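Coordinates in review
Take a look at the letters that make up each chain.
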Amino acid sequence: MIEAPEARYLCEQLTETVVGKRISDVFIQFSPHKFAWFNGNSDEFAEWLVDKRINSAQSQGGMVEITIEDKVLVLTDGVNLRYLTPGTKLPAKHQLLIAFEDESCLIASVRMYGGLMCYDKNAATGMLSEYYRTAKSKPQVMSDAFSKEYFLGLINDESAQKKSAKAFLATEQTVPGLGNGVLQDILYHAHIHPKKKIAALTDKEKENLFYQVKETMNDIYRQGGRNTESDLFGENGKYTACLSKDTAGKACPRCGETIVKENYLGGSIYYCRGCQILE
């Protein structure tokens, strides 16, 4: 699943590649996917988008938002997006194909699950999915608006105190685009155990956690995403996670202790037994 750094990188590639192109055709559910979610009647996508030009692309959390004249196409974090040049063989399976006048195209394919939604550009807030609406309403984690003051306001709020570090950072869209995939390295760099309660963190730990959120996200972005995710052209990112299924059971390069994998809050967590102590 892509997260904020990959979504931002994809949108920059879209800006360089498809902005200004006119759409000549749209195909939906060429290979039906049970967990590909469309808003409204997906058959109307062609009627809404054909003959219109791509205006811009920007990320909203871990989602890609593409403005197409009076419409906005939103692809959530479970959707793979590829740009194919004219004459390239099309993949056997895809849930959305946007063809351009120059015979290039964008292909969107859902992994386990994902949303492909199209809205009027000026749609009322109530018409948008809650997931998209929440991501759009909050400061983007890699922007200046996501400041230390903003972060400390979140972490010092009474509602956060009983939560663990993982629950605070990576659930309920507290920070849109920050999920379990990037969480592990953030907490590793901050020397915080994923199960440690927010109430137990010192002011210094809270400030350091903010800096690690920003630095880790920016590092992933600078390297074109994680090496488990691919970009608009199918190339994997260069960022290798410090903690993942590939490092579980191995020695921590920082202290030599074992990296542990556990199940927690509906997913896996990884931590160093020596660097991230749960007191």
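Residues numbered from 1 in each chain as written. Predicted model: local features only at pLDDT ≥ 70, side-chain atom pairs only at ≥ 80, totals over all residues. Heavy atoms only, no water.

- The name given to the chain in an unreviewed UniProt entry is Endonuclease VIII, with the source organism recorded as Bacteroides thetaiotaomicron.
- As its UniProt record puts it under Catalytic activity (unreviewed entry), the chain is described as follows: "Hydrolysis of DNA containing ring-opened 7-methylguanine residues, releasing 2,6-diamino-4-hydroxy-5-(N-methyl)formamidopyrimidine." (UniProt positions renumbered as here; feature names shortened; annotations may be inferred.)

1. Description of the overall build of the chain
- Along the chain, the regular secondary structure elements total 7 helices and 11 strands.
- Its C-alpha atoms give the chain a radius of gyration of 20 Å, near enough to 19 Å, the size a compact globule of 279 residues would have.
- Along the first, second and third principal axes, the C-alpha set of the chain runs to 60 × 40 × 30 Å.
- Per-residue burial for the chain yields a buried fraction of 50% across its 279 residues.
- In the chain, once contacts between residues fewer than 6 apart in sequence are set aside, the share between residues at least 24 apart is 63%. (Helix = DSSP H or I, 4+ residues; strand = E, 2+ residues; numbered from the N terminus. Rg over C-alpha atoms; globule rule 2.2 N^0.38 Å. Buried < 20%, exposed > 50% of the residue type's maximum accessible area, 1.4 Å probe, protein only. Contact = heavy atoms within 4.5 Å.)

2. Comments concerning unusual backbone geometry
- Phi at Glu172 is positive, roughly 60 degrees, even though this residue is not glycine.
- As for its position among the elements, Glu172 is in the loop between α5 (165–170) and α6 (180–190).
- Judged by relative accessible area, Glu172 falls into the exposed class, the value being 64%.
- Unusually for a residue other than glycine, Gln173 sits at a positive phi of about 55 degrees.

3. Section: helix α3 (residues 130–137)
- Here α3 has its buried residues at Tyr132, Thr134 and Ala135. In a view along the axis of α3, the buried residues occupy a sector of 165 degrees, so they form one face of it. Facing away from the buried side of α3 by more than 90 degrees, the exposed set consists of Glu130 and Ser137. (Arc of directions from axis to C-beta.)

4. Points about the packing of aromatic side chains
- Here the structure, examined in full by the defined rule, presents 12 aromatic pairs.
- When the centroid spacing of 6.2 Å and the interplanar angle of 85 degrees are considered together, the rings of Tyr83 and Phe233 count as edge-to-face. Pair noted here: Tyr83 is in strand β6 (residues 79–84) and Phe233 is in the loop between α7 (203–222) and β10 (259–264), with a separation of 150 residues, a long-range link.
- Owing to a relative accessible area of 43%, Phe233 belongs among the partly exposed residues under this scheme. (Phe/Tyr/Trp six-rings, centres within 6.5 Å; stacked < 30°, edge-to-face > 60°.)

5. Here's the deal with the environment of Thr85
- Looking at the secondary structure, you find Thr85 in the loop between β6 and β7 (96–100).
- Since its relative accessible area comes to 44%, Thr85 is described here as partly exposed.
- Taking the C-alpha atoms as reference points, Thr85 and Phe27, separated by 58 residues in sequence, lie 17 Å from one another.
- With residues up to four places along the chain from it excluded, the contact list for Thr85 reads Glu103 and Ser104.

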